[in-house]
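# Breakdown of the fold
The chain contents come next:
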Amino acid sequence: MPRSRRAARRGPGSARAGSPASDEEAGSEVLSHCSSASEGASPAEEAAGSEAVGEQGQEEEVEDRLKEHMDNLLDKSAKTRQVALQSLRLAFSSKILSEFLLERRLMLTDSLEKCLKKGKGEEQALAGTVLTLLCLQMGSGPEGEEVFRSLKPLLISVLTDSAASPGARQSCATALGMCCYIAAADLEDLVSCLSCLEGIFSPPSAGEGGSAPTQHGPLHCSALQSWSLLLTICPPSHVKNVLDNCWLKLPPLLSSNSVVLRILAGETIALVFELAQEVEEDLCHQDTEFLCAQLKVLATESNKYRAKTDRRRQRSIFRDILRFIESGEYQEETIRFGLECMYLDSWARQRTYQAFKEVLGSGICHHLQNNELLREIFGLGPPLVLDAAALKASKVSRFEKHLYNSAAFKARTKARSRVRDKRADVL
């Protein structure tokens, strides 16, 4: 240390500060001050300090593991790369890691690009999912747009490659739709993605006057879901173009062998009608009458060759779709997460929520609470800041849950018993 700094530390009148005795005295004085300060701290303060140290240690451990997984994406072993992708998918879907990923996004993007190019099957599918979650973490700013722009051509290449595995193509269809929804800044990107996805679920032979292919799989479902998601952010001018040229390609999908695709097609048709109302376009003509007849059949179908659960689910959803098209009435749904809730009061809002839920899985509640992008999309405002007391008060004990479930079970049993009694009287 320079002499001037030593003099400044000693100060005036401290000529003995450099002696060994004075050093020992100063050290003992500091230790005694620290011990007295620690003795004076309250138990709550000590607990808070230990919790802060513990949380910091956990964060560092999580970051070290994430760095290791990112390094393993370049490993020669395909199994090691797949394990790393699975770990990253779990971490990205369950935590908010925007700050950590911000300075590592380019390296991670390059690694995912290599997995998509050189990987096979499951590795490509996992890479597409991790890419979607990375874009979700980066948000709709320049960073997210950079990630989307750099890998958009590769996603389209894998999606349209008939030689690629169905799982990889399905993952790329989801990634293309989600990343475009989150980060696309130009209308050209939006239109090109819509066109690419439309070519997957509705090939030229399945257009107006044609019939849908007899076999459908998860790839067609993912493509249709991504296409309908992008439709919710289209400007009115392009919505009118879709109404004029594309919407009649949807009714043939109602005859698909896949119950999931039939339901998705029905929900997409309802979404198209909802968007048509917003741009003041009229879809009421002879094709609409035929469509309502199709929907009525699906809402009352009782064919034994279909699974019982599939028939029940299909009838329930198509009743809601038919009610909306005939009367404009939408069955509102409430989503609860933490101390908050949001309402799905339109087909566009429902499609958006379902798309994010499919990608995030069980992490959807955490992201709805803390992810600024999702809160902006659903109009939830900034994340709530809750103290420990509020969090503890919001938790329901196991005994209270048991009492609630018991009461609900009792009420349900009574209601069913009354119905059974009426049936017995009729017989």
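Everything below is about the structure printed above this text.
Residues numbered from 1 in each chain as written. Predicted model: local features only at pLDDT ≥ 70, side-chain atom pairs only at ≥ 80, totals over all residues. Heavy atoms only, no water.

## Considerations on the overall build of the protein chain
Note the threshold: Each helix is a run of H or I in the DSSP string that is no shorter than four residues. Each strand is a run of E no shorter than two, and both are numbered from the N terminus. Burial here depends on accessible area, computed with a 1.4 Å probe over protein chains only, as a share of the maximum for the residue type. Under 20% is buried, over 50% is exposed, and the range in between is partly exposed. Whether two residues touch is decided by their heavy atoms; if any such pair falls within 4.5 Å, the residues are in contact. Surface accessibility follows the Shrake-Rupley procedure with a 1.4 Å probe radius. Residue values consider only the protein chains on display as shielding.
Looking only at helices and strands, the protein chain features 20 helices and 2 strands. Here the protein chain holds 427 residues, and the buried ones make up 40% of them. Within the protein chain, residue pairs in contact and separated by at least 24 positions form 66% of the contacts whose partners lie at least 6 positions apart. Looking at the protein chain as shown, the accessible area adds up to about 24,400 Å², and 51% of this sits on carbon and sulfur atoms.

## Thoughts on the pattern of salt bridges
For the record, the criterion: We count a salt bridge whenever a side-chain nitrogen from Lys or Arg sits within 4 Å of a carboxyl oxygen from Asp or Glu.
All chains considered together, the criterion is met by 14 salt bridges. Among the salt bridges present, the one from D186 reaches R149, with a minimum N-O distance of 2.4 Å. Note that D186 is positioned in the loop between α9 (166-183) and α10 (187-201) and R149 in helix α8 (residues 142-159), a separation of 37 residues in sequence. Residue R149 is classed as partly exposed on the basis of its relative accessible area of 36%. Note that E326 and K296 form a salt bridge whose closest N and O atoms lie 3.9 Å from each other. Highlighted residues: E326 in helix α15 (residues 308-327) and K296 in helix α14 (residues 286-299), separated in sequence by 30 residues. Through salt bridges that share partners, E145, R149, K152, D186 and D189 make up one connected network.

## What to know about α9
Test applied: Multiply 1.5 Å by the residue count of a helix minus one, and that product is the helix's expected span.
For α9, which comprises 18 residues, the first-to-last C-alpha distance of 25 Å matches the rise-based estimate of 26 Å (1.5 Å per residue) to within 8%. Counting buried positions along α9 gives 15 out of 18 residues, so the element sits mostly inside the fold.

## Re helix α6 (residues 105-118)
Defined as follows: Note that the arc is computed from the directions linking the helix axis to the C-beta atoms.
Here α6 contains 14 residues, and its C-alpha end-to-end distance of 20 Å stays within 8% of the 20 Å for a straight helix at 1.5 Å per residue. When α6 is considered as a whole, its buried residues turn out to be R105, L108, T109, S111, L112, C115 and L116. The arc that holds every buried residue of α6, seen down its axis, measures 165 degrees, which confines them to one face. Seen from the open side of α6, the exposed residues pointing more than 90 degrees away from its buried face are K117 and K118.

## Focus on the side chain of R351
The line we're drawing: Any N or O atom pair separated by 3.5 Å or less is treated as a polar contact, with the protein-specific requirement of one donor-capable and one acceptor-capable atom, and with residues adjacent in sequence counted only for side-chain atom pairs.
Mapped onto the fold, R351 is located in helix α16 (residues 347-360). On the basis of relative accessibility, which here comes to 3%, the residue R351 falls in the buried class. A polar contact is formed between the side chain of R351 and the side chain of S228, at a distance of 2.7 Å. The contact partners of R351, leaving out residues within four places of it in the chain, are Q225, S228, L229, L264, E267 and T268.

## Some thoughts on the environment of L108
Positionally, L108 belongs in helix α6. Judged by its relative accessible area of 0%, L108 falls in the buried class. Each C-alpha atom of the pair L108 and M70 lies 6.8 Å from the other, and the pair is 38 residues apart in sequence.

## Digging into the packing of aromatic side chains
What counts, and what does not: Here the aromatic set is Phe, Tyr and Trp, taking the six-membered ring for Trp, and pairing holds for ring centres within 6.5 Å; pairs whose planes are under 30 degrees apart are stacked, those over 60 apart are edge-to-face, and all others are tilted.
Taken as a whole and judged by the stated rule, the model has 5 aromatic pairs. For the ring pair Y181 and F356, a centre distance of 6.0 Å and an interplane angle of 70 degrees mean the geometry is edge-to-face. Pair noted here: Y181 is in helix α9 and F356 is in helix α16, with a separation of 175 residues, a long-range link. Comparing Y181 with F356 shows no difference in burial state: the two are buried. For the ring pair F324 and W347, a centre distance of 6.1 Å and an interplane angle of 75 degrees mean the geometry is edge-to-face. Linking F324 in helix α15 with W347 in helix α16, this pair joins segments that are 23 residues apart in sequence. Considered together, F324 and W347 belong to a single accessibility category, that of buried residues. Connected via pairs of aromatic rings, a cluster forms that spans Y181, F356 and F378.

## Some points on the side chain of Q82
Its location among the elements puts Q82 in helix α4 (residues 78-94). Filtering out sequence-adjacent residues up to four positions away, Q82 remains in contact with E122, E123 and L126.

## Digging into a negative patch on the surface
Rules: Residues enter patches when their relative accessible area tops 30% and they take part in no salt bridge; the joining distance is 9 Å for like charges and 5 Å for the nonpolar side chains Val, Leu, Ile, Met, Phe, Trp and Tyr. Under the convention used here, Asp and Glu are negative, Lys and Arg are positive, and both His and the chain ends fall outside the count. For this purpose, a charge sits on NZ of Lys, CZ of Arg, CG of Asp or CD of Glu.
Together, E59, E60, E63, D64, E68 and D71 make up a negatively charged patch on the protein surface. Secondary-structure assignment places E68 in helix α3 (residues 43-72). The class for E68 is partly exposed, based on a relative accessible area of 47%.

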